[in-house]
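# Examining the three-dimensional arrangement
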Amino acid sequence: MCCNIVLLVGFEKCGMIYKAHLAVAVSIVCQVLSYSFEDSFRWKPAEHRRKRKIIDFKDKDKRLWSMPVPYAFSTNFTAESDRKIVRAAISEWELETCVKFREVEDQEEYERTTVVLVKPQDSSLCGVGAGRIYIFTGNRQVLFLGHRCLTVQTVAHEFGHVLGLYHEHARPDRDRYIDIIWSNLTNFESTKKQFSKKPEGSITTLGFPYDVASLMHYGPHIYGKTWDSVTIRAKDPLLQLSIGATTDTTIQFYDAKTVNYFYCNDTCRNSVMNLQCQHGGYPDPKSCHRCRCPQGFSGDLCEWHERYTGADPCGGVIPAESFNQSIYSPNYINEFEHFSYKKGQTCNWLIKAPHDKLIAVRFTGTRFGFPCTTYPYVTCDDYVEVRYGDDIGVTGARFCCQERPNVTIISSSNEVLVLLRSTRKEHAGCGKRFGFRLNYWMVNPVNRNGTKSRSSRLLAVNTLYLFFTYVWVVEWL
């Protein structure tokens, strides 16, 4: 099989744009198997990744791995720096789930299926089958990782496939949350398969909510005809910047919850604790006396609100009233421009209203700023996120850069979670860490549709959010 692809490589450093046009002809010879490669092969610029979950195990007992999952570096995967990236990605899964891996020596034949990491000749190729594949000669399940795929996020994504996760945007219910802009796809006949949905009945979502920032979700410009061609559009315009977003957390809450369900759901079943986890948490398979919690919450039952980490106090649980109140990022109210929140700062505000009320929020103030990169797509090094949906364990609307969002957001429930996340990088994107000011007040449910509609229209004309992830993928043909 043979693929011809064109990669457009570009980056920006504080307004200076550099571009390169690279034509790559890829010739691949491989055995045609009875299953498809998940992810096919693709490359993303560093600091970006692919994304999340859906499991298809009609023969689950055969496709799930027994622990620990063995993996080996092939004879051409020798650079210790590359191996460290792989081990870091594996550590992410081991930290967030009950899954364990074990590194073994490479050999021609194994007694049990083993993931063998191979570095292909073409540096932009990467891909692996979903779940344990038990038909390989020598029990060698190959995971291709080209040099350009060697980021922690990308490798963690590939190991998500190894564990059995399909792409989030392949869920049967995806049309409720995103639109595929078919007319913007390049090489339509060969790329449309990347956006096909899994049929009902062949997979399970476990009833978990859709998350556009899942580790297994494509970015919004993938396979686009041009850099600015949007191929995935969120039904809720406020979530567009969150699609395929790079964050300080590689594996999202529901990515981990899915894997934990399939590999260790029985671990705490016989526990005498009978935990009643709150805020979407679930019994921790590593410690059945406590719950695993989404961002912003802690405690044995996820009943505690985590306020902040970093140099300055911030965050808290705040009641909403019928009149305007405000929250600020640290040091925001200082009149001197050079004052701002500090790198590495995190803050969590939980705004609560009575059960029969909703919450409205709007960014105000004379300053707004979070370091970001704007070309060829917006990448938030720091950001403020507003979680306003029915489940605040799901990624919400993220905002960054230097233009204050001109939106009013109405919640779907009586709680809104506001997160500030700052990187510890010495040189993070462009722009200053001014932070934000946010007004909030409670509203009656009857007001929601009208106000939300106005918010969507305002966001649509905010050109800041027209730049998104752009990724090229090479597919097995």
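In every chain, residue numbers begin from 1 and rise along the written sequence. Whole-chain, interface and lining totals are the exception, using all residues; otherwise, since this is a predicted model, local features are given only for residues with pLDDT of at least 70 and side-chain atom pairs are given and counted only at 80 or more. Heavy atoms from the whole structure form the basis of all side-chain values; hydrogens and water molecules are not counted.

## Let's talk about the UniProt feature "binding site: Zn(2+)" (unreviewed entry) in the chain
UniProt positions are given in the numbering used here, feature names are shortened, and annotations may be inferred rather than shown by experiment. UniProt tags His157, His161 and His167 as "binding site: Zn(2+)" (unreviewed entry). Going along the chain from the N terminus, every DSSP run of H or I of four or more residues is numbered as a helix, and every run of E of two or more is numbered as a strand. Tracing the chain through its elements places histidine 161 in helix 3 (residues 152-162). For histidine 167, the position within the fold is in the loop between helix 3 and strand 10 (178-180). Any pair of N or O atoms that falls within 3.5 Å is considered a polar contact. Within protein, one atom must be able to donate a hydrogen and the other to accept it, and sequence-neighbouring residues count only if both atoms are side-chain atoms. A polar contact of 3.3 Å, which involves the side chain of histidine 167, links it to the side chain of histidine 161.

## What about unusual backbone geometry?
Omega for the bond connecting methionine 67 with proline 68 falls within 30 degrees of zero, at -5°, which places this linkage in the cis form. Along the polypeptide, proline 68 turns up in the loop between helix 1 (60-63) and strand 5 (69-73). Despite not being glycine, leucine 206 has its phi angle at roughly 65°, a positive value. Exposure remark for leucine 206: the relative accessible area of 23% places this residue in the partly exposed category. Within the chain, cysteine 401 stands out as a residue other than glycine whose phi angle is a positive 70°. Along the chain, cysteine 401 falls in the loop between strand 24 (397-399) and strand 25 (408-410). By relative accessible area, which is 3% here, cysteine 401 ends up buried. Each residue gets one of three labels from its accessible area relative to the maximum for its type: buried under 20%, exposed over 50%, partly exposed in between, using a 1.4 Å probe on protein chains only.

## Things to note about the side chain of arginine 83
Positionally, arginine 83 belongs in helix 2 (residues 80-96). Buried and unpaired, arginine 83 has no salt bridge, with glutamate 103 as the nearest side chain of opposite charge at 4.4 Å. Ignoring anything within four residues of it in the chain, the contact list for arginine 83 reads Phe73, Ser74, Phe77, Thr78 and Glu103. Here the positive residues are Lys and Arg and the negative ones are Asp and Glu; neither His nor the chain ends is included. Definition used for salt bridges: Asp or Glu carboxyl oxygen within 4 Å of a side-chain nitrogen of Lys or Arg. Contacts: residue pairs with any heavy atoms within 4.5 Å of one another.

## A short note on the state of the cysteines
Note: disulfide means a covalent bond formed between the sulfur atoms of two cysteine side chains. Two cysteine sulfurs form a disulfide in these notes if their separation is within 2.5 Å. Throughout the structure, instances matching the rule amount to seven disulfides. Across the disulfide, cysteine 314 is cross-linked to cysteine 347 (sulfur-sulfur distance 2.0 Å). Measuring handedness by torsion sign, the sulfur bridge of cysteine 314 and cysteine 347 sits at about -90° and is left-handed. Of this pair, cysteine 314 sits in the loop between strand 16 (308-309) and strand 17 (316-319) while cysteine 347 sits in strand 19 (residues 346-352), placing them 33 residues apart in sequence.

## Describing the environment of arginine 362
With respect to the helices, strands and loops of the structure, arginine 362 is situated in strand 20 (residues 358-369). Of the residues examined, arginine 362 reaches a relative accessible area of 22% and is grouped as partly exposed. Residues arginine 362 and proline 405, 43 residues apart in the sequence, show an inter-C-alpha distance of 8.3 Å. Within the local environment of arginine 362, its side chain forms a polar contact with the side chain of asparagine 406, the two groups lying 2.4 Å apart. Separated by 2.6 Å, the side chains of arginine 362 and threonine 408 make a polar contact.

## So, the packing of helix 2 against helix 3
It is at 8 Å that the axes of helix 2 and helix 3 come closest, and there the two elements cross at 60°. Relative to helix 3, helix 2 is oriented oblique. With respect to the hand of their crossing, helix 2 and helix 3 are arranged in right-handed fashion. The residues of helix 3 that touch helix 2, namely those facing Ile85, Val86, Ala88, Ala89, Ile90, Glu92 and Trp93, are Val152, Val155, Ala156, Phe159 and Gly160. Polar here means any residue other than Ala, Val, Leu, Ile, Met, Phe, Trp, Tyr, Cys and Pro, which are nonpolar, and Asp, Glu, Lys and Arg, which are charged; Gly is therefore polar. Within the contact of helix 2 with helix 3, the residues separate by chemical class into ten nonpolar, one polar and one charged. A fitted line through C-alpha atoms represents every axis, and for helices the fit uses only the stretch in contact; the resulting angles, taken between N-to-C directions, go from 0 to 180 degrees. By definition in this entry, angles of less than 35 degrees are roughly parallel, angles greater than 145 are roughly antiparallel, angles of 65 to 115 are roughly perpendicular, and the rest are oblique. Note on convention: near helix rotated counterclockwise from far helix by under a right angle means a left-handed crossing. Clockwise means right-handed.

## Considerations on helix 3
Most of helix 3 sits out of view: ten of its eleven residues are buried. Within the span of helix 3, buried status applies to Gln153, Thr154, Val155, Ala156, His157, Glu158, Phe159, Gly160, His161 and Val162. Two residues or fewer after helix 3 comes glycine 164, characterised by a positive phi angle close to 115°.

## Quick word on the environment of proline 237
By the secondary structure assignment, proline 237 is in the loop between strand 11 (232-234) and helix 5 (253-264). Accessibility expressed as a relative area gives 29% for proline 237, which makes it partly exposed. In this structure, the C-alpha to C-alpha distance between proline 237 and isoleucine 178, residues 59 residues apart in sequence, is 9.8 Å.

## Here's the deal with the sheet that holds strand 25
If you walk across this open sheet you meet the four strands as 18-27-20-25, and the pairing is antiparallel. Two strands in the sheet have a free side with no partner beyond their single neighbour: strand 18 (325-328) and strand 25. Here the average twist between neighbouring strands, direction ignored, is 25°. Each pair of strands is called paired provided DSSP finds at least two bridges between the two strands. Here strand 20 runs beside strand 25; their pairing, made up of three bridges, is antiparallel. Within strand 25, the residue paired with arginine 362 across the bridge is threonine 408.

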